[in-house]
Amino acid sequence: MYQKTNVKLDNLLLSMSDTLDLAIPDLNQHQMRTAFIAQHVGKRAGLTPENEINLFIASLMHDIGALSPEEKLDVKQIEIENTEEHCILGEKLLQRVEIFKSAATIIRFHHTKWSEVQNRLDPQMALCSQIIMLADYIERKTARDKFILHQDKLLIEYANSLAGEFIKPELVQIFTSISKYEEFWLDLTSSRLYSLLLSYGIGRHISIEMTQMLDISEMFRDMIDFRSRFTATHSSGVAATAATLSKMFGFTESEVELMEVAGNFHDIGKMIIPNSILEKPGKLTAEEFAVMKQHTYYTYSVLNSIGGINLIAEWAAFHHERLDGTGYPFHVTSKELSVKSRIMAVADIFTALAEERPYRKPLSEQEVLSIIMTYGQKNWLDKSIVEVLKKNYGEIVDITRKKQAVTKDYYEREFSSGLIK
């Protein structure tokens, strides 16, 4: 049996939901604002305690299927139709995590109108999906450049216009009753929204087991990597390489598992990077590279805010740091880089060099080792880790490629067959 971690479900969900809205100012706090509205409606809609938690999970993750910043902006700009794809992909991502399976169903139908969903789901699941649909539409209709109490009446009118075919009328009535208070609107747009949602205590007493942490990290890994076929298996390769190197350095089974989690999470900050940069077929300009540099900063910022995984945040986020302090974005040196952070840096470079990119084919063993050994000689990478990679290259490549093959099969079967352009 896996032991509990000190990561609480509510803290993890709130921190990770923040990553879904990083890239676009117009979407700032969209997931959390939707969750805030949903929780207020859900408390009065007769949900069971279990489904209040499912609603909380689903509302904070409801746009997880919109994989890129460009896709998220598309979702923001539409009203009622053309929303099916990100609902389907969101369900696929969440249903792999056991504790998220009910939330996955809710997300699948959170853009299905009441006249249809009431006959497709059990009453509680239908209510949850409708609550998120209502909350999502109201939040997307809220103008961020206009004071909230100058638009509250218009938003209430808009909610009432949805009652009937689109939204169950009783839910709109609940929303109307709670939205007559200025406090509701001021809390909704408060910069303290994270703390307000955390204070509700939903999921506070649920600690994440290590097996669940692995599953959750794989879910977010796929959300990041599946934006492009060139990166579809990158983080699974980094995680496998980091875990294998950690075993070779004699770390405990628990430490190896945590390194795998860190490898899955290491590029979570790429949520803020546009696909136009990630898939550019040539060398990045100085301006584009400056944009790219921020991804590890956000990896650290998001993971460190969760609580209970501070070391994982360092191992994941320091993969572009160098021993001589010339890396980015923190410019930490050998004095501050742990062995696990150094392993992650080697794992990331090795995986990147050995896989296809938009601007080149995968490099050969000789080419990969030549580059990595040069980095070791320049005091960018740890020479002892480079040496272990060199001596065990065949074994590491075999383990990594097998793990990437599983991820590639899942990506091609579920995410690239007609649903993603």
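Everything here concerns the structure above.
The present account deals with the structure reproduced in this document. All chains use their own residue numbering, which begins from 1 and follows the written sequence. Predicted model: local features are reported for residues with pLDDT of at least 70 only, side-chain atom pairs are reported and counted for 80 or more only, and whole-chain, interface and lining totals are derived from all residues. Side-chain descriptors were evaluated using all non-hydrogen atoms of the structure, hydrogens and water having been removed beforehand.

Considerations on unusual backbone geometry
Turning to step 1, where the next piece is worked out: For the peptide bond that leads from tyrosine 328 to proline 329, omega is 0°, which places it in the cis range.
Turning to step 2, where the next piece is worked out: Secondary structure elements are taken from DSSP: a helix is a run of H or I of four residues or more, a strand is a run of E of two residues or more, and numbering for both begins at the N terminus. As for its position among the elements, proline 329 is in the loop between α18 (310-317) and α19 (339-354).
Turning to step 3, where the next piece is worked out: A positive phi angle, near 65°, is found at asparagine 379, a position not held by glycine.
Turning to step 4, where the next piece is worked out: Looking at the element boundaries, asparagine 379 is found in the loop between α20 (365-377) and α21 (383-391).

Describing the environment of arginine 227
Turning to step 1, where the next piece is worked out: Checked against the element boundaries, arginine 227 lands in the loop between α13 (210-225) and α14 (234-248).
Turning to step 2, where the next piece is worked out: Only protein chains enter the accessibility calculation, which uses a 1.4 Å probe. A residue is then buried if its area is under 20% of the maximum for its type, exposed if over 50%, and partly exposed in between. When its relative accessible area of 7% is taken as the criterion, arginine 227 is described as buried.
Turning to step 3, where the next piece is worked out: Within the structure, arginine 227 has its side chain in polar contact with the backbone oxygen of isoleucine 273 (distance 2.4 Å). We call two N or O atoms a polar contact when they sit within 3.5 Å, provided that within protein one can donate a hydrogen and the other can accept it, with sequence-adjacent residues counted only if both atoms are side-chain atoms.

Digging into the nonpolar core
Turning to step 1, where the next piece is worked out: Definition used in this section: a nonpolar core is a set of buried Ala, Val, Leu, Ile, Met, Phe, Trp, Tyr and Cys residues joined via side-chain atoms within 4.5 Å. Counting residues in each nonpolar core, the largest one holds 116 residues, and the members touching the most others are Met16, Met61, Leu94, Phe175 and Phe220.
Turning to step 2, where the next piece is worked out: Ranked by residues supplied to this core, first place goes to helix α8 (residues 123-141) with 11 residues.
Turning to step 3, where the next piece is worked out: Whether two residues are in contact is decided by their heavy atoms: any pair within 4.5 Å suffices. Excluding residues within four positions of it along the chain, phenylalanine 220 makes contact with Met16, Met61, Ile64, Phe265 and Ile268.

Focus on the side chain of asparagine 275
Turning to step 1, where the next piece is worked out: Within the secondary structure layout, asparagine 275 lies in helix α16 (residues 275-278).
Turning to step 2, where the next piece is worked out: Note on asparagine 275: relative accessible area 15%, which makes it buried.

Examining empty space enclosed by the protein
Turning to step 1, where the next piece is worked out: Cavities and pockets are defined on a 1 Å grid built over the protein atoms alone: a cavity is a set of grid points where a 1.4 Å probe fits but cannot escape, while a pocket is an open set with protein on both sides within 12 Å along at least five of seven lines, and lining residues are those with an atom within 4 Å of any such point. Grid points are joined across faces, edges and corners, and a volume is the space filled by probe spheres set on the points. Within this structure, the stated rule accounts for four cavities of 30 Å³ or more.
Turning to step 2, where the next piece is worked out: In this structure, the largest cavity encloses a volume near 50 Å³.
Turning to step 3, where the next piece is worked out: Together, Phe318, Glu321, Leu323, Leu337, Ser341, Arg342, Ala345, Trp380, Leu381 and Asp382 line the largest cavity.
Turning to step 4, where the next piece is worked out: Each residue is assigned to one of three groups, with Ala, Val, Leu, Ile, Met, Phe, Trp, Tyr, Cys and Pro labelled nonpolar, Asp, Glu, Lys and Arg labelled charged, and all others, Gly among them, labelled polar. A class-by-class count of the residues in the lining of the largest cavity yields six nonpolar, one polar and three charged.

Things to note about the environment of histidine 234
Turning to step 1, where the next piece is worked out: Structurally, histidine 234 is set in helix α14.
Turning to step 2, where the next piece is worked out: Those residues in contact with histidine 234, other than ones at most four positions away along the chain, are Asp225, His266, Asp267, Asp348, Thr351, Ala352, Glu355, Arg357 and Gln404.
Turning to step 3, where the next piece is worked out: Among the polar contacts listed, one links the side chain of histidine 234 to the side chain of glutamate 355, at a separation of 2.6 Å.

Here we look at the side chain of threonine 142
Turning to step 1, where the next piece is worked out: For threonine 142, the location among the structural elements is in the loop between α8 and α9 (152-162).
Turning to step 2, where the next piece is worked out: With relative accessibility at 4%, the residue threonine 142 sits in the buried group.
Turning to step 3, where the next piece is worked out: Only 2.9 Å separates the side chain of threonine 142 from the backbone oxygen of isoleucine 138, close enough to count as a polar contact.

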